[in-house]
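Listed here are the chains, written in short residue letters.
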Amino acid sequence: MKEPVITIVIVNYNYQNYILDAINSALNQSYNEIEIIIVDHASTDGSHKYIKDYIHENKLKHKINYIRLTENNGGPSYPRNLGVEKSSGEYVICLDGDDMIHELFVEEGLLLLKKQSADILIPTIKHFGKCNNVENAYYYDKELIYFENIFPYCCIFRKSAWEKCGKYKEDLLILEDWEFYLSAAKANLEIAQLEKPYFLYRKHGSSVWDQTFGDDNRIKEEIIGIRRYHPEYPINNKNDIIDFLGLHYYYQNQQFRKFNEVLCRKVFQRIRSNEKSSRTILRLIDKIIQNESNLYN
């Protein structure tokens, strides 16, 4: 049997209402040389039986490797790492069980990755569910990545890139994807961007993000955790983390005016403190000017 070129790792935790959408979005890719690994993170909502029955009834055992964990380890990093470790593909996509990917994502993503000789490919995000909008595509910048979590967790990456990044950090609950990109920047990995809304991010009620932002102790643990890997990480408290996550957090909640205020405040704080970051300041101001009309629409 021919080895798959790419592995899609789907992590499920209590997503019985959504998991089949995620699975089918992986099965329906236009690209054929795909391996699918589902890691159930000790779900308690009946997902385990639901997934097993679906695989059995549709005779998908040859296409899907299903792994059931008996203990939940907190955030998504552990099951993702396990899925990547078990993968056979040269490339990997990690997908949460409540989200989906466009049917052309793998085919077009791999073409662009190979064309640009890149290590990681980042798609544009399309929100669906409680809101329906496409996020603006922001260009990768090794300096700006320290100031904004502007990329989705879902991307195509070489398995070797995941290893160079030190894998997903299992002590982080919500910043594991940002830490991954920070590590990629420090390792000088090449990042390509697909300016098409091929990552479908479902909005449905209170998320781990929302729960974490409501708990000061968990926020503090996230900050301590990421600074352990990146001492240069420029945040120190809860207000900082909310400001630096401004784009991602506020855009999802469609509070565009608030984001603009947050970004402007950070720019002028840096000017006042005389930090040696003129290039970053100019780029932040340029982004405000370029995206002003979008922020208020």
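What you see is a predicted model; the values in this text were computed from it and never measured. (Residues numbered from 1 in each chain as written. Predicted model: local features only at pLDDT ≥ 70, side-chain atom pairs only at ≥ 80, totals over all residues. Heavy atoms only, no water.)

Visitor: Any details on the environment of Leu-175? Residues and values, ideally.
Guide: As for its placement among the helices and strands, Leu-175 is situated in the loop between helix H5 (159–164) and helix H6 (176–186). With relative accessibility at 0%, the residue Leu-175 sits in the buried group. Distance from Leu-175 to Ile-226, taken between C-alpha atoms, is 7.5 Å for residues 51 residues apart in sequence. (Helix = DSSP H or I, 4+ residues; strand = E, 2+ residues; numbered from the N terminus. Buried < 20%, exposed > 50% of the residue type's maximum accessible area, 1.4 Å probe, protein only.)

Visitor: I'd like to hear about helix H2 (residues 47–57), residue by residue, with values.
Guide: Among the residues of H2, Ser-47, Ile-51, Tyr-54 and Ile-55 are the ones counted as buried. Taken down its axis, H2 places every buried residue within 95 degrees of arc, on the same side. Of the exposed residues in H2, the ones pointing more than 90 degrees away from its buried face are Lys-49, His-56 and Glu-57. Of the residues flanking the end of H2, it is Lys-59, one or two places downstream, whose phi is positive at about 50 degrees. (Arc of directions from axis to C-beta.)

Visitor: Requested: an account of the nonpolar core, with residues and values cited.
Guide: Core analysis: the largest hydrophobic core is formed by 40 residues, its most contacted members being Ile-6, Ile-10, Ile-23, Ile-93, Phe-105, Leu-110 and Ile-156. With residues near it in sequence (within four places) discarded, Phe-105 still touches Gln-29, Ile-93, Leu-110, Leu-121, Pro-123, Cys-154, Cys-155, Ile-156, Leu-194 and Tyr-198. Counting 35 residues, the second-largest nonpolar core is a separate cluster that includes Trp-162, Leu-172, Leu-175 and Ile-226. (Core = buried A, V, L, I, M, F, W, Y, C linked by side-chain atoms within 4.5 Å. Contact = heavy atoms within 4.5 Å.)

Visitor: So, the side chain of Asp-40: which residues are in play, and what are the values?
Guide: Along the chain, the position of Asp-40 falls in strand E2 (residues 34–41). Given the relative accessible area of 0%, Asp-40 is considered buried. Among the polar contacts listed, one links the side chain of Asp-40 to the side chain of Arg-68, at a separation of 2.4 Å. Among all residues touching Asp-40, those that are not within four sequence positions of it are Asn-12, Ser-47, His-48, Ile-51, Tyr-66, Ile-67, Arg-68 and Leu-69. (Polar contact = N/O pair within 3.5 Å; in protein donor to acceptor, adjacent residues only side chain to side chain.)

Visitor: Can you break down the environment of Leu-182 residue by residue, with the values?
Guide: Relative to the elements of secondary structure, Leu-182 occurs in helix H6. Of the residues examined, Leu-182 reaches a relative accessible area of 0% and is grouped as buried. Along the sequence, Leu-182 and Ile-145 sit 37 residues apart, while their C-alpha atoms lie 6.8 Å from each other.

Visitor: Mind laying out the side chain of Glu-135, listing which residues take part and the relevant values?
Guide: Secondary-structure assignment places Glu-135 in the loop between strand E7 (133–134) and strand E8 (156–158). Notably, Glu-135 is buried but unbridged: the nearest opposite-charge side chain belongs to Lys-203, and the N-O separation is 8.2 Å. A polar contact is formed between the side chain of Glu-135 and the side chain of His-127, at a distance of 2.9 Å. (Lys, Arg positive; Asp, Glu negative; His and termini not counted. Salt bridge = Lys/Arg side-chain N within 4 Å of Asp/Glu carboxyl O.)

Visitor: For the pairing of strand E3 (residues 64–69), give the residues involved together with the corresponding values.
Guide: Bridge analysis of E2 against E3 gives six bridges, and the strand direction is parallel. If you follow Val-39 over to E3, its bridge partner there is Ile-67. Since E2 and E3 lie parallel, the crossover through H2 that links them has a hand, and here it is right-handed. (Pairing = 2+ DSSP bridges. Right-handed = clockwise from strand over helix to strand, strands pointing away.)

Visitor: Can you explain helix H1 (residues 19–27)? Please cite residues and give values.
Guide: For H1, a buried count of seven out of nine residues is recorded, marking the element as mostly surrounded by other parts of the structure. Among the residues of H1, those classed as buried are Ile-19, Leu-20, Ala-22, Ile-23, Ser-25, Ala-26 and Leu-27. The inward-facing, buried residues of H1 abut strand E1 (6–12), E2, H2, E3, strand E4 (91–96) and strand E5 (100–101).

Visitor: Any chance you could break down the pairing of E4 for me, citing the residues and the numbers?
Guide: A large share of E4 lies buried, amounting to six of its six residues. Side chains Tyr-91, Ile-93 and Leu-95 project from E4 onto one buried face, and the interleaved Val-92, Cys-94 and Asp-96 project onto a second face that is buried too. In terms of strand pairing, E1 meets E4 through six bridges, oriented parallel. Residue Thr-7 lies in a different strand from E4, and its bridge partner there is Val-92. Alignment of E4 against E8, held across three bridges, turns out to be antiparallel. Residue Ile-93 lies in a different strand from E8, and its bridge partner there is Ile-156.

Visitor: Give me the lowdown on the pattern of salt bridges, citing residues and values where you can.
Guide: Between side chains of opposite charge, a pair can form when the charged atoms approach closely. Tallying each qualifying case throughout the model produces 10 salt bridges. Where Arg-80 meets Asp-96, a salt bridge forms, and the shortest distance between an N and an O atom there is 3.3 Å. Remark: Asp-96 occurs in strand E4 and Arg-80 occurs in helix H3 (residues 77–86); sequence separation between them is 16 residues. In this structure, Arg-80 and Asp-96 share a single accessibility class: buried. Members of the salt-bridge network, linked through shared partners, are Arg-80, Asp-96 and Glu-176.

Visitor: I'd love a proper account of the confidence of the model for the protein, names of residues and values included.
Guide: On average, residues of the protein score 82 in pLDDT, and 72% of them reach the 70 mark or higher. In this model residues 246–259 is a low-confidence stretch, pLDDT under 50, and it forms 38 contacts with partners more than four residues away in sequence or in other chains. With pLDDT under 50 throughout, residues 292–297 is counted as low confidence; its partners more than four residues away or in other chains account for nine contacts. (pLDDT = per-residue confidence, 0-100.)

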